[in-house]
Amino acid sequence: MVIEACLTGEEASFLAFTDGKTVLPLPTSQDHKRVYDRDEGPNTGGMGAYSPAPVIDSYLHQRIMDTVMIPTVRAMAQEGRPYKGVLYAGLMIDNDRIHVLEFNGRFGDPEAQPLMMRLKSDIVPIMEAAIDGRLHEFKLELDDRAAICVVMASGGYPGAYSKGLPIKGLSKVKKIKNVVVFHAGTTRQENTVVTHGGRVLGVTALGDTIKDAIISAYKAVSMISWEKVHYRHDIGYRAMKRLETPAHVGIVMGSDSDLPVMEEAAIILRKFGVSYEITIASAHRSPERAMFFASSASKRGMKVIIAGAGHAAHLAGVMAAHTTLPVIGVPIDSSCLQGLDSLLSTVQMPPGVPVATVSIGKSGGKNAGLLAVQILALSDIRLAAMLEAYKLELSQQVEEKARQIYQHF
């Protein structure tokens, strides 16, 4: 009997160099397995990929390192089988849940192509350091731009396909800046490059944004041709869909030092699948920025604002004065008064300028995120159901702790 769990979410690829001790992660990436547009048709070895993958933010990136990559490398070393090379984790991401689908001891294809375009460091010294156990001496230098790879395949792939078909246009693509054509299933017949496999070329481009990279890659693809060539026309669509989804919650903090507190709100929002935007705006040092964020939030699709600041902490009040959206204030314990000053400054709003105030510090950040979800759940039955399940989970945790204490005594 084989019992399988149905996993929902988005697949993503996470690659890292390791020397058996140090884990040096590459940027996130995501590939497209199905042969046809809209993820239809049979699975293939990969019809395209892009990097970075917006489904993995900085919080999830660190969680993947802490709960998947580092423990796996340590476990192999403890078993007396230290692994050196590239560790590839295929993951399923469902809001804040991470499931490991598979591990590979190699670069992914076609993920490697956009990753190599973004890697500015010389890869040979990194490989040598992985062999010699010196990977802790290195830090990857990465291109901040996005990269996308469109696989051009033989007609009929992943089924039967023809070989030896002349490829036209490769010389034209060489002239396009920030585009590289990776050869996979090609060979030479006399002086002509011809097809020799199912996935023939990986046309890869860099762009300031994922959209720019998509435009450049498909421009290059349009210049290349052979008989019955096939490729998907929607590589990168998941990233674009995610990036074009408006943020429903705005998280604003007075300083980057407030990030550890405000990340707690983001963690809760991610758990419930609520889109958010996080930024810095100071009520004192950049009041115009704070006012603009608040006054434009509703037009940009936001429904709740979470504002956190320490010391005098007037940020939440400034936000509330320039929007009709509900504002949740998070007092941050950044002064010698341990947050009591920011608590009073946040809660003491004049009549007509309401701010919902939660607890101080990280617990306040978490409660602010949860309160934002509860506000949104008033008009979203999906969120309401998830909140019910979350409350039940909290209750069950208490019951389990009570049971353990009872058994102990």
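Scroll up to find the structure this text is about.
Calculation criteria
- Residues numbered from 1 in each chain as written.
- Predicted model: local features only at pLDDT ≥ 70, side-chain atom pairs only at ≥ 80, totals over all residues.
- Heavy atoms only, no water.
- Helix = DSSP H or I, 4+ residues; strand = E, 2+ residues; numbered from the N terminus.
- Buried < 20%, exposed > 50% of the residue type's maximum accessible area, 1.4 Å probe, protein only.
- Contact = heavy atoms within 4.5 Å.
- Areas by Shrake-Rupley, 256 points an atom, 1.4 Å probe, with all protein chains shown as cover.
- Arc of directions from axis to C-beta.
- Polar contact = N/O pair within 3.5 Å; in protein donor to acceptor, adjacent residues only side chain to side chain.
- Salt bridge = Lys/Arg side-chain N within 4 Å of Asp/Glu carboxyl O.
- 1 Å grid on protein atoms, 1.4 Å probe; cavity = no way out; pocket = protein on both sides within 12 Å on 5 of 7 lines; lining within 4 Å.
- Points joined across faces, edges and corners; volume = space filled by probe spheres on them.
- Nonpolar A, V, L, I, M, F, W, Y, C, P; charged D, E, K, R; others polar.
- Expected span 1.5 Å × (residues − 1).
- Pairing = 2+ DSSP bridges.
- Axes fitted to C-alpha atoms, helices over the stretch in contact; angles between N-to-C directions.
- Parallel < 35°, antiparallel > 145°, perpendicular 65-115°, else oblique.
- Left-handed = near helix turned anticlockwise from the far one by under 90°.

**Student:** Just to check I follow, could you spell out the overall build of the protein chain for this structure?
**Tutor:** Each helix and strand in the protein chain was counted, giving 12 helices and 19 strands. Expressed as a percentage of its 409 residues, the buried residues of the protein chain come to 47%. For the protein chain, restricting intrachain contacts to residue pairs at least 6 apart in sequence, the fraction spanning at least 24 positions comes to 68%. Working note: accessible area of the protein chain is about 21,000 Å², and carbon and sulfur atoms make up 54% of it.

**Student:** I'm lost on helix α3 (residues 123–132) in this one. Help?
**Tutor:** In an α-helix there are 3.6 residues to a turn, and that puts residues three or four apart on one side. Turning to α3, its buried residues number three or more, namely Ile123, Ile126, Ala129 and Ala130. Taken end-on, α3 shows its buried residues confined to a sector of 120°, consistent with a single buried face. Buried positions along α3 lie against β1 (10–18) and α2 (112–118). Backbone nitrogen of Val124 and a side-chain oxygen of the N-cap are separated by 3.1 Å at the start of α3; the cap is Asp122. Phi turns positive, to about 80°, at Gly133, one or two residues after α3.

**Student:** Even after reading the chapter, I still don't get the environment of Met349, so can you show me in this structure?
**Tutor:** Tracing the backbone through its elements, the reader meets Met349 in the loop between α10 (340–347) and β19 (356–357). Separated by 249 residues in sequence, Met349 and Val100 have C-alpha atoms that sit 48 Å apart. Sequence-distant contacts of Met349, that is, excluding residues within four places in its chain, are made with Gly317 and Val355.

**Student:** Help me out: how do you make sense of the pattern of salt bridges in this one?
**Tutor:** Note on pairing: side chains with opposite charge can pair once their charged atoms come close. Applying the stated criterion across every chain yields a total of 16 salt bridges. Two residues, Lys120 and Glu141, come together in a salt bridge whose shortest N-O distance is 3.9 Å. Placement of Lys120 in the loop between α2 and α3 and of Glu141 in the loop between α3 and β9 (146–154) is noted, with a sequence separation of 21 residues between them. Among the salt bridges present, the one from Asp143 reaches Arg145, with a minimum N-O distance of 2.8 Å. On the basis of relative accessible area, Asp143 is assigned to the buried category, the value being 11%. Given a relative accessible area of 23%, Arg145 falls into the partly exposed group. Sharing partners across several salt bridges, the network here consists of Asp39, Arg232, Asp234 and Arg238.

**Student:** Mind showing me how you'd approach the layout of surface pockets here?
**Tutor:** Empty space among the atoms becomes visible once a probe the size of a water molecule is rolled across them. Here the largest pocket is characterised by a volume of approximately 1,000 Å³. Along the wall of the largest pocket there are 36 residues; nearest its centre are Arg242, Gly273, Val274, Ser275 and Tyr276. No other element matches the six residues that helix α7 (residues 259–271) contributes to the lining of the largest pocket. Tallied by class, the residues present in the lining of the largest pocket amount to 16 nonpolar, eight polar and 12 charged. Volume-wise, the second largest pocket comes out at about 310 Å³. The wall of the second largest pocket is formed by 14 residues, among which Thr28, Pro52, Ala53, Ile56 and Asp57 lie closest to the centre. Of the residues assigned to the lining of the second largest pocket, the class counts are 10 nonpolar, three polar and one charged.

**Student:** In this structure, what is going on with α7? I would like to understand it.
**Tutor:** For α7, built from 13 residues, the straight-helix expectation of 18 Å at 1.5 Å per residue is met to within 8% by its first-to-last C-alpha distance of 18 Å. The set of residues buried in α7 consists of Val261, Met262, Ala265, Ala266, Ile268, Leu269 and Arg270. Gly273 lies just past α7 and shows a positive phi near 70°.

**Student:** I'm lost on unusual backbone geometry in this one. Help?
**Tutor:** Note: most residues except glycine have negative phi, and most peptide bonds are trans. In this model, Ser51 is joined to Pro52 through a cis peptide bond whose omega is 5°. For Pro52, the position within the fold is in the loop between β6 (48–51) and α1 (58–78). Residue Pro158 is reached from Tyr157 by a cis peptide bond, and omega for that bond is 10°. Non-glycine residue Asn95 carries a positive phi angle of around 55°. Positive phi is not limited to glycine here, since Asn178 has a value of about 65°.

**Student:** Which parts of the structure should I look at to understand the pairing of β1?
**Tutor:** In the case of a regular strand, side chains alternate between the two sheet surfaces. Along β1, eight of the nine residues are buried, which leaves the element largely enclosed by surrounding structure. With three bridges connecting them, β1 and strand β2 (residues 23–25) associate as antiparallel partners. Its bridge partner lying in β2, Ala16 is registered against Pro25. Linking β1 back to β2 in an antiparallel pair, the connection comprises four residues, with Gly20 at a positive phi of about 95°.

**Student:** Explain the packing of helix α5 (residues 210–221) against helix α6 (residues 237–244) here, please?
**Tutor:** The geometry of a pair of packed helices is captured by two quantities: the angle between their axes and the separation between those axes. At a minimum axis distance of 10 Å, the contact between α5 and α6 shows a crossing angle of 150°. Considered as vectors, α5 and α6 are oriented roughly antiparallel to each other. The handedness of the crossing between α5 and α6 comes out as left-handed. On α6, the residues that touch Ile210, Lys211 and Ile214 of α5 are Ala239, Met240 and Leu243. Split by residue class, the contact of α5 with α6 holds five nonpolar, no polar and one charged.

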